[in-house]
Amino acid sequence: MTKSDLVKRLAAANPHLFQRDIERIVSTIFEQIAAALERQDRVELRGFGAFSVRTREARVGRNPRTGREVAVPAKLAPYFKTGKELRERLNGA
Amino acid sequence: MAGKTVTRAQLAEAVYQEVGLSRSESAELVDQVLNEIVESVVKSGTVKISSFGTFAVREKGKRVGRNPKTGEEVPIPPRKVLVFRASQVLKDRINAAAGRAK
């Protein structure tokens, strides 16, 4: 499923709303999550999961083609932990 | 800077501000969006949100785990797990923001 499939499904479930409003709703939600992660805030959605930002230490990597060592700087990486309810649903609970 | 937690309530408030539905309908739509993603992931496996990331289901084989407290071996049955891969756009945004904050 892509974002546009998601919009179509929501539009079908909400015939009283314009599709462009649904698009704005979906975009706003993901934009809010992204903006929170930019601030390094955590986003906790019960039953779904939690997004957070983790730190990756600087390390020495290697160019796989040439085998040459390259310095990889420290960076931040978004992380998602699946919520309990969703984890159980995936396994047919 | 860090340390705050955003929940459904803030997402609903943002939808309310942005779209002009009632507060309760905004909250209801946030739930619907998350539920659609859950249903889709459970049924078909992959949900791809452009410039945000991809949710995909990975099948894990069975393995032998260990209770870290007692050292006892416990079998872990095969199971499905959800993995989120952030898009390059999202990773870049987060790192660019951190760079600006320094």
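Residues numbered from 1 in each chain as written. Chains lettered and ligands numbered in written order. Predicted model: local features only at pLDDT ≥ 70, side-chain atom pairs only at ≥ 80, totals over all residues. Heavy atoms only, no water.

S.K.: Let's hear about the pattern of salt bridges: which residues, and what values?
M.R.: Considering all chains together, one arrives at 12 salt bridges over all chains under this definition. Between D41(A) and R39(A) there is a salt bridge, with the nearest N and O atoms lying 3.0 Å from each other. Between R23(B) and E13(B) there is a salt bridge whose closest N-O contact spans 3.1 Å. You can see R23(B) sitting in helix α2 (residues 23-44) and its partner E13(B) sitting in helix α1 (residues 8-19), a full 10 residues away along the chain. (Salt bridge = Lys/Arg side-chain N within 4 Å of Asp/Glu carboxyl O. Helix = DSSP H or I, 4+ residues; strand = E, 2+ residues; numbered from the N terminus.)

S.K.: With reference to specific residues and values, describe the nonpolar core.
M.R.: Ranked by internal contacts, the top residues of the largest apolar core, which has 47 residues, are L6(A), I33(A), F48(A), F51(A), I37(B), F52(B) and F55(B). At 9 residues, helix α2 (residues 19-38) of chain A tops the list of elements feeding residues into this core. Each of domain 1 (1-39) and domain 2 (40-93) of chain A contributes no fewer than three residues to this core. The residues contacting F48(A), other than those within four sequence positions of it, are F80(A), T82(A), G83(A), L86(A), L34(B), I37(B), V38(B) and F55(B). (Core = buried A, V, L, I, M, F, W, Y, C linked by side-chain atoms within 4.5 Å. Buried < 20%, exposed > 50% of the residue type's maximum accessible area, 1.4 Å probe, protein only. Domains from an automatic or database assignment. Contact = heavy atoms within 4.5 Å.)

S.K.: Just give me the short version of the interface of chain A and chain B, but keep the residues and values in it.
M.R.: Each partner contributes to the interface: chain A provides 45 residues, whereas chain B provides 49 residues. Of the roughly 4600 Å² buried at the junction of chain A and chain B (both faces included), carbon and sulfur atoms supply 66%. Its largest share of buried area at the contact with chain B, chain A owes to M1(A), E38(A) and L90(A), together 15% of the area lost on that side. There are 5 salt bridges connecting chain A and chain B. (Buried area = accessible area lost by both parts, 1.4 Å probe.)

S.K.: Could you give me a rundown of the domain arrangement of chain A, with the residues and numbers involved?
M.R.: All names here are of chain A. Taken domain by domain, chain A consists of domain 1 (1-39) and domain 2 (40-93). Between the C-alpha centres of domain 1 and domain 2 the distance comes to 24 Å. With 5 residues of domain 1 at the interface, the matching set in domain 2 holds 8 residues. Of the roughly 560 Å² buried between domain 1 and domain 2 on both sides combined, carbon and sulfur atoms contribute 66%. On the domain 1 side of the contact with domain 2, I33, L37 and R39 bury the most area, a combined 83% of that side's loss. The tally of links from domain 1 across to domain 2 stands at 1 salt bridge. At the boundary of domain 1 with domain 2, the tally comes to 5 residue pairs in polar contact (both at pLDDT 80 or more). (Polar contact = N/O pair within 3.5 Å; in protein donor to acceptor, adjacent residues only side chain to side chain.)

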